[in-house]
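Here is how the chains run, residue by residue.
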Amino acid sequence: MRFEDDAEHSTDEHQSGDGMPRPQMSARNPVKLRRRRLRQERRDLRTAMLIRQDKEIDKQMQAAAIERAKEFDPTVKVKYSIWRREYENPNSDSTLKLMRDQIIMAKVYANIAKAKNETGLYDSLMKHSRESQRAIGEASTDAELQPSALDRAKGMGHVLSIAKDRLYDCVTVARKLRAMLQSTEVNVNALKKKSAFLIQLAAKTVPKPLHCLPLQLSTDYYLQGYNKKGFPNKDKLEDPSLYHYAIFSDNVLATSVVVNSTVLHANEPGKHVFHIVTDKLNFAAMKMWFLVNPPARATIQVENVDDFRWLNSSYCPVLRQLESARMKEYYFKAHQASSLTAGSDNLKYRNPKYLSMLNHLRFYLPEVYPKLDKILFLDDDIVVQKDLTALWSVDLQGMVNGAVETCKESFHRFDKYLNFSNPKISQNFDPNACGWAFGMNIFDLKEWRKRDITGIYHHWQDMNEDRTLWKLGTLPPGLITFYKLTYPMDRSWHVLGLGYDPALNHTEIENAGVIHYNGNYKPWLDLAITKYKSYWSRYGKSVHACLVKQGFESFTSIGNSIMDFYAKAGALDNALDVFYCTRCRDSVSWNIIINGHLDQGASEEGLWLFMQGRVAGFEPNTATLVLVIQACRNLKATHQGLKIHGYIIQSGFWAITSVQNSLLCMYADIEMVFARKLFDEMCDRDVVSWSVMIGGCVQSKEAQEAFWLFREMVCKYGIKLDGHSIVSVLKACSDLGKLSIGRLVHGFVICRGFNYDVFVSNSLVDMYSKCNDADSAFKTFSEMPSRNTVSWNSLLSGFVSNEKHSEALMLFHSMRKAGIEADEVTLVNLLQTCKHFINPFQCRSIHSTIIRKGYEFNELVMNSLIDAYARSKWAHGIAIRKGLAAQVAIGTAILDMYSKCGAIEASMKAFDQISCKNIVSWSAMIAAYGMNGLAHEALALLGKMKMHDLKPNPVTVLSVLSACSHGGLVEEGISFFEEVVRDPGIELGLEHYSCMVDLLGRAGRLDSAMDLIKRMPEGLKASASAWGALLSAL
């Protein structure tokens, strides 16, 4: 007690002015007690004030959040994307950033430790650095990190703390960091240049078939004497009243497609003249091709650019510059090993095309064609889709060049191509002037000569000898030369970007006069964008015909190229014809033809070809094996799949993860026991392997096993999740109704950042809906940053299944306001809701939507509509007016509706109107008779059904037994039951035995009913309905 008093009052001890302590006041002193009370009151007041301030701040924050929420428009799709900078979370991926920073600092301290002979510390730092790097792997977000990553970060932090205490020196650390930064920058720049070089190399390297074709053509040109032949209709070459085209190219196949597509769409092919200029190397091949394969009625001229003697270095600045030592050094230093990492020039400007005068010949059109007034210039990477003769009638309004402009907002304007830091450029041109495209240009040559356009071009080329005004190429000097002399044509004439942009508007492409594959992904390369390839390849059949005529098809390399072309275009019959015509088929031939069939969905034919190839000694590649396994999976060809599995083990493909995963997918569809065995044997299981197993368990109704696999995948092996595995687990939660587990998975989804994946969020909404938690489904839906039609349909279906019909209609109205189009799933869900409203107004409204959307002939939608109108004759009237009453699905729904209303005659009429009755229609009518007490008619209809060679199914059996039970036809019912019991093709269930017990019980045959219950097959146990039927008969 004394110690407590001393501690309590020690702060009240004072000293006198002379430093002597005053006597301590008694604990009972009223002054002391008053001071203590005042201090406590002040503390309480201060505490209350702080609490009040906190509450006020909270209220202000809530009010501000509410105001922001009011401004938030959830109907705008993708507007609030997580990728937008204004929605970046400053703390996002903090663990990943921390670990990367730690690795950097570990390398710094490791270098210092090594220099100071701190071997132990050096080894520890490098060990933790490697472990952290392994934990990070290829992760780009915290959600992708392994579960052990946080522990690694803590361990690294401890080691770095020790290193800092022992080694930290500000100057030394700064020097090391600076050196690392410089080294990293050098490495990044080198990798960028190597990447750019490889992209350019892949884009510009000529494929083997394209290389073989001109060689073969050139050989035949001289051997067969075509070098002495010429083209007909030479009188048309200088006729200005005709339609003249200029094509400058060294690619025979591409030029052929340009000419063929133009002639094919021309209204008057005989008036079209094609002036083709190529180089010396390809002149013989180009001429040979068009001599043997002249386009229908059109005129062709093929010239060699080297024959233009006037085009020399004394006249042409570009040619003079290309022959200069400086330019040769600039180009040919690219062959040195160091050139990929040296300099800052863009490697694309080292493309060999810039060394060819073919690329610059477009600036000399009046010199090449002195007697023509207008000419249409076409690049060799375009395809013509319309008659182009209208271009010659376009009034260029005194301009020289007619072209399509390419500028959009701030893109493709002059400042993108020209160096505006140079006063020669900035003083003469507008940086915001709109750019345009070469590829399809109509040139007025009369106006060209009048304005001396070639002289303007020469002037600026001379000024750019040191390449300070623009880089190499033809578009920058074209923009300068035709500045304020270019007439903008309608964009529909020329659609660009098919060589680099996979997101072009499909309608614009279809309606374009010319489509242009500008970019690296040319349509004749494997790099080509697949969905655009057909626009080019459709004109390749004429090329194939020409190759057949000349006997080139039988050559393996050319045959493979044609086969690949047809396979990718979906023309499998043509591909097979080429395959069988090829003399020597190699593994490439077999891979192309098998891949082509399997990739186009022709699984049976592809599998048969694979077996034929194996007999012929063909060795498949990994891609072919994966597709073959997929074919076995689609066809449920278990025996063939087992054979292929054996071949994979023997041939050494077993170690490839993609092949293992394909086998796993196949077995998961066939038998999960096999899949589990294969999964356990796999040494290298990736996220795909785990996702396949989890999905297979869910599909096989083994949801609990799916949960265990998911837990093992995440907790034990630390596999980085993907959306598919999460969706499978959520499906398992839905199947089992495990809402609690679903909530845990939802929390996991949020922690790992998958809630921004619309695919996963849709599954969460569906899971909550099927687990009867519509409120959580709506909350999840509301928090989605972006939504698609599936998102809205999932929530709508959840409202319907949870009998929240008013909310479903309100959601539909919100969906329409958001601009989301209703599909058949939306309409079917809404019609399910409409059944619960007495007033048919809502149903009529949905009906009008069905008509507007064109779903009147969709069986699923019309069945739902009829079901929604089930209490009136509107349904039948709609079906008759639309001509749908004869359709089996809709007719069956109508007769079922009438039978439930007791209108059996109307049911019979509806049944008779069905043109092609199936087992469902007959069963529905038999059930209708039984439901309305017409047991004899039901049995008679059963006899008619058998006369139509239709065998009863379990639904039919139940309908007949029910009719006999309610109609008192005991003997007939017993006879029919014994007949179906003997039929192994009909599987009877508990409901059939319960119905039979009811029939016997109604007839007073309780002993027989009891005996039937005892004789029920193994696996079936009498339910409450069977015992209830028996007890009700007592």
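Going by an unreviewed UniProt entry, the chain carries the name Hexosyltransferase and comes from Nyssa sinensis. For the record of the chain, the UniProt heading Sequence similarities (unreviewed entry) holds the text "Belongs to the glycosyltransferase 8 family." What the UniProt record of the chain gives under Pathway (unreviewed entry) is the line "Glycan metabolism; pectin biosynthesis."

J.: Let's hear about the nonpolar core: which residues, and what values?
T.: Core analysis: the largest hydrophobic core is formed by 91 residues, its most contacted members being Ile-593, Ile-594, Ile-644, Ile-648, Leu-664, Leu-721 and Ile-726. Each residue touching Ile-593, except ones within four places of it in the same chain, is listed here: Met-563, Ala-575, Leu-576, Phe-579 and Leu-609.

J.: Give me the lowdown on the sheet that holds strand E10 (residues 514-516), citing residues and values where you can.
T.: Taken in spatial order, the 3 strands make up an open sheet running E5-E10-E9, and their pairing is mixed. Two strands close off the open sheet at either side, each with one partner strand: strand E5 (382-384) and strand E9 (494-495). Summarising the sheet, E9 and E10 pair through 2 bridges and their orientation is parallel. When the bridges of E10 are listed, His-494 appears paired with Val-514.

J.: So, the state of the cysteines: which residues are in play, and what are the values?
T.: Tallied over the full model, the rule gives 1 disulfide. Residue Cys-407 pairs covalently with Cys-434 via a disulfide, S to S 1.6 Å. On the S-S bond that ties Cys-407 to Cys-434, the torsion sits near -100°, and the link is left-handed. A residue pair is termed long-range when its members are at least 10 positions apart, and Cys-407 in the loop between strand E6 (401-403) and helix H13 (414-417) and Cys-434 in the loop between helix H14 (423-426) and strand E7 (440-444) qualify at 27 residues.

J.: So, the pairing of E7: which residues are in play, and what are the values?
T.: Within E7, 5 of the 5 residues are buried, leaving the element largely enclosed by the surrounding structure. Of the two faces of E7, the one lined by Met-440, Ile-442 and Asp-444 and the one lined by Asn-441 and Phe-443 are each fully buried. Relative to E7, strand E4 (residues 374-378) runs antiparallel, the two sharing 5 bridges. From the neighbouring strand, Ile-375 faces E7, where its bridge partner is Phe-443.

J.: For helix H33 (residues 758-770), give the residues involved together with the corresponding values.
T.: For H33, which comprises 13 residues, the first-to-last C-alpha distance of 18 Å matches the rise-based estimate of 18 Å (1.5 Å per residue) to within 8%. Residues Val-760, Ser-761, Asn-762, Ser-763, Leu-764, Val-765, Met-767, Tyr-768 and Ser-769 constitute the buried set of H33. Of the surrounding secondary structure, the elements contacted by the buried residues of H33 are helix H31 (723-736), helix H32 (739-752), helix H34 (774-782) and helix H35 (789-801). In the segment just after H33, Asn-772 is the residue with positive phi, at about 65°.

J.: Mind laying out the packing of helix H44 (residues 935-947) against helix H45 (residues 954-967), listing which residues take part and the relevant values?
T.: For any two helices packed against each other, the geometry is given by the interaxial angle and the distance between the axes. Here H44 crosses H45 at 150°, and the two axes come no closer than 8 Å. Compared by their axis directions, H44 and H45 come out roughly antiparallel. Here H44 and H45 pass one another in a crossing that is left-handed. On H45, the residues touching Ala-935, Ala-938, Leu-939, Leu-942 and Met-945 of H44 are Thr-956, Val-960, Ala-963, Cys-964 and Gly-967. When grouped by side-chain class, the residues that make up the contact of H44 with H45 number 8 nonpolar, 2 polar and no charged.

J.: I'd like a description of the sheet that holds E4, backed by residues and values.
T.: Across the sheet, 7 strands lie side by side as E3-E2-E1-E4-E7-E6-E8; this open sheet has mixed pairing. Two strands in the sheet have a free side with no partner beyond their single neighbour: strand E3 (299-304) and strand E8 (486-488). Taken over all neighbouring pairs, the strand axes of this sheet differ in orientation by 25° on average, direction set aside. The sheet contact formed by E6 and E7 spans 2 bridges and is antiparallel. Bridged to Gly-402 within E7 is Ile-442. Packed onto the sheet, helix H8 (residues 252-265) meets strand E1 (243-248), strand E2 (272-278), E3 and E4 and runs at close to 175° relative to E2. Contacts between helix H9 (residues 283-292) and the sheet are confined to E2 and E3, with E3 contributing the most and set at about 170° to the helix.

J.: How would you sum up the environment of Tyr-580? Please name residues and give values.
T.: Following the sequence through the fold, Tyr-580 ends up in helix H22 (residues 572-581). On the basis of relative accessibility, which here comes to 47%, the residue Tyr-580 falls in the partly exposed class. The spacing of Tyr-580 and Gly-559 is 21 residues in sequence and 9.8 Å in space, taken between C-alpha atoms. Ignoring sequence-local partners within four residues, the contact set of Tyr-580 consists of Arg-585, Trp-608 and Leu-609.

J.: I'd like a rundown of the UniProt feature "repeat: PPR" (unreviewed entry) in the chain, residues and numbers included.
T.: UniProt's entry tags residues 586-620, 686-716, 757-787, 788-822 and 918-952 with the feature "repeat: PPR" (unreviewed entry), counted in the numbering of this structure. For residues 757-787, helix accounts for 71% and strand for 0%, while the C-alpha atoms at its two ends are 10 Å apart. Structurally, residues 918-952 comprises 74% helix and 0% strand, and the distance from its first C-alpha atom to its last is 11 Å.

J.: Can you tell me about a nonpolar patch on the surface, naming the residues and giving the values?
T.: Together, Tyr-500, Tyr-521 and Leu-527 give the surface a local cluster of nonpolar side chains, amounting to about 270 Å² of exposed area. What makes Leu-527 partly exposed here is its relative accessible area of 35%.

J.: Hey, could you go over the pairing of E4 for me, with residue numbers and the actual values?
T.: Of all the 5 residues making up E4, 5 are buried; the element is thus mostly covered by neighbouring parts of the structure. The alternating pattern of E4 places Lys-374, Leu-376 and Leu-378 and Ile-375 and Phe-377 on opposite faces, both of which are buried. Of the pairings in the sheet, the one linking E1 to E4 comprises 3 bridges and is parallel in character. Bridging across to E4, Tyr-245 finds its partner in Leu-376.

J.: Go over the confidence of the model for the chain, please, and point to the residues and values.
T.: Mean pLDDT over the chain works out to 78, with 79% of the residues at or above the 70 mark. The least confident element of the chain, judged by mean pLDDT, is helix H1 (residues 2-9) at 39; the most confident is E4 at 97. Low pLDDT, under 50, characterises residues 1-27; the stretch is placed with 17 contacts to residues that sit more than four places away or in other chains. Low confidence marks residues 334-345, where pLDDT is under 50. Its contacts with residues over four positions away, or in another chain, come to 19 contacts.

J.: Got a sec to walk through the environment of Met-286? Specific residues and values, please.
T.: When you line up the elements, Met-286 lands in helix H9. For Met-286, a relative accessible area of 0% gives the class buried. The spacing of Met-286 and Leu-217 is 69 residues in sequence and 8.0 Å in space, taken between C-alpha atoms. The contact partners of Met-286, leaving out residues within four places of it in the chain, are Ser-249, Asp-250, Asn-251, Val-252, Thr-255, Ile-276, Thr-278 and Val-302.

J.: Summarise unusual backbone geometry; cite the residues concerned and give the values.
T.: The phi dihedral of Asn-233 falls on the positive side, at around 60°, and the residue is not glycine. By secondary structure assignment, the location of Asn-233 is in the loop between helix H7 (208-223) and E1.

J.: Got a sec to walk through the side chain of Thr-657? Specific residues and values, please.
T.: Assignment of secondary structure puts Thr-657 in helix H27 (residues 657-670). The exposure class of Thr-657 is buried, given its relative accessible area of 17%. Excluding residues within four positions of it along the chain, Thr-657 makes contact with Asp-684 and Asp-686.

J.: Please give an account of the pattern of salt bridges that cites residues and values.
T.: Considering all chains together, one arrives at 16 salt bridges under this definition. Residue Arg-362 is joined to Asp-379 by a salt bridge in which the shortest nitrogen-to-oxygen separation is 3.7 Å. Residue Arg-362 is found in the loop between helix H11 (325-332) and helix H12 (365-368), and its partner Asp-379 is found in the loop between E4 and E5; the two are separated by 17 residues along the sequence. As far as the burial class goes, Arg-362 and Asp-379 line up, both buried. The closest approach of N and O atoms between Lys-522 and Asp-381, which form a salt bridge, is 2.5 Å. Here the residue Lys-522 occupies a position in the loop between E10 and helix H19 (530-537), and Asp-381 occupies one in the loop between E4 and E5, the gap between them amounting to 141 residues. Judged on exposure class, the residue Lys-522 and its partner Asp-381 are both buried.

J.: Run through the packing of helix H29 (residues 687-699) against H31, naming residues and quoting values.
T.: Where H29 contacts H31, the axes come no closer than 9 Å and their chain directions differ by 20°. Taken together, the axes of H29 and H31 are roughly parallel relative to one another. Crossing of H29 against H31: the hand is left-handed. Packed against H29, whose contacting residues are Ser-691, Ile-694, Gly-695 and Val-698, the element H31 presents His-724, Ser-725, Ser-728, Val-729, Lys-731, Ala-732 and Asp-735 at the interface. Across the contact of H29 with H31, the residue classes tally to 4 nonpolar, 5 polar and 2 charged.

Criteria and cut-off values
Residues numbered from 1 in each chain as written. Predicted model: local features only at pLDDT ≥ 70, side-chain atom pairs only at ≥ 80, totals over all residues. Heavy atoms only, no water. UniProt positions renumbered as here; feature names shortened; annotations may be inferred. Core = buried A, V, L, I, M, F, W, Y, C linked by side-chain atoms within 4.5 Å. Buried < 20%, exposed > 50% of the residue type's maximum accessible area, 1.4 Å probe, protein only. Contact = heavy atoms within 4.5 Å. Pairing = 2+ DSSP bridges. Helix = DSSP H or I, 4+ residues; strand = E, 2+ residues; numbered from the N terminus. Disulfide = S-S within 2.5 Å. Expected span 1.5 Å × (residues − 1). Axes fitted to C-alpha atoms, helices over the stretch in contact; angles between N-to-C directions. Parallel < 35°, antiparallel > 145°, perpendicular 65-115°, else oblique. Left-handed = near helix turned anticlockwise from the far one by under 90°. Nonpolar A, V, L, I, M, F, W, Y, C, P; charged D, E, K, R; others polar. Patch = residues over 30% accessible without salt bridge, like charges linked within 9 Å, V, L, I, M, F, W, Y side chains within 5 Å. Areas by Shrake-Rupley, 256 points an atom, 1.4 Å probe, with all protein chains shown as cover. Salt bridge = Lys/Arg side-chain N within 4 Å of Asp/Glu carboxyl O. pLDDT = per-residue confidence, 0-100.

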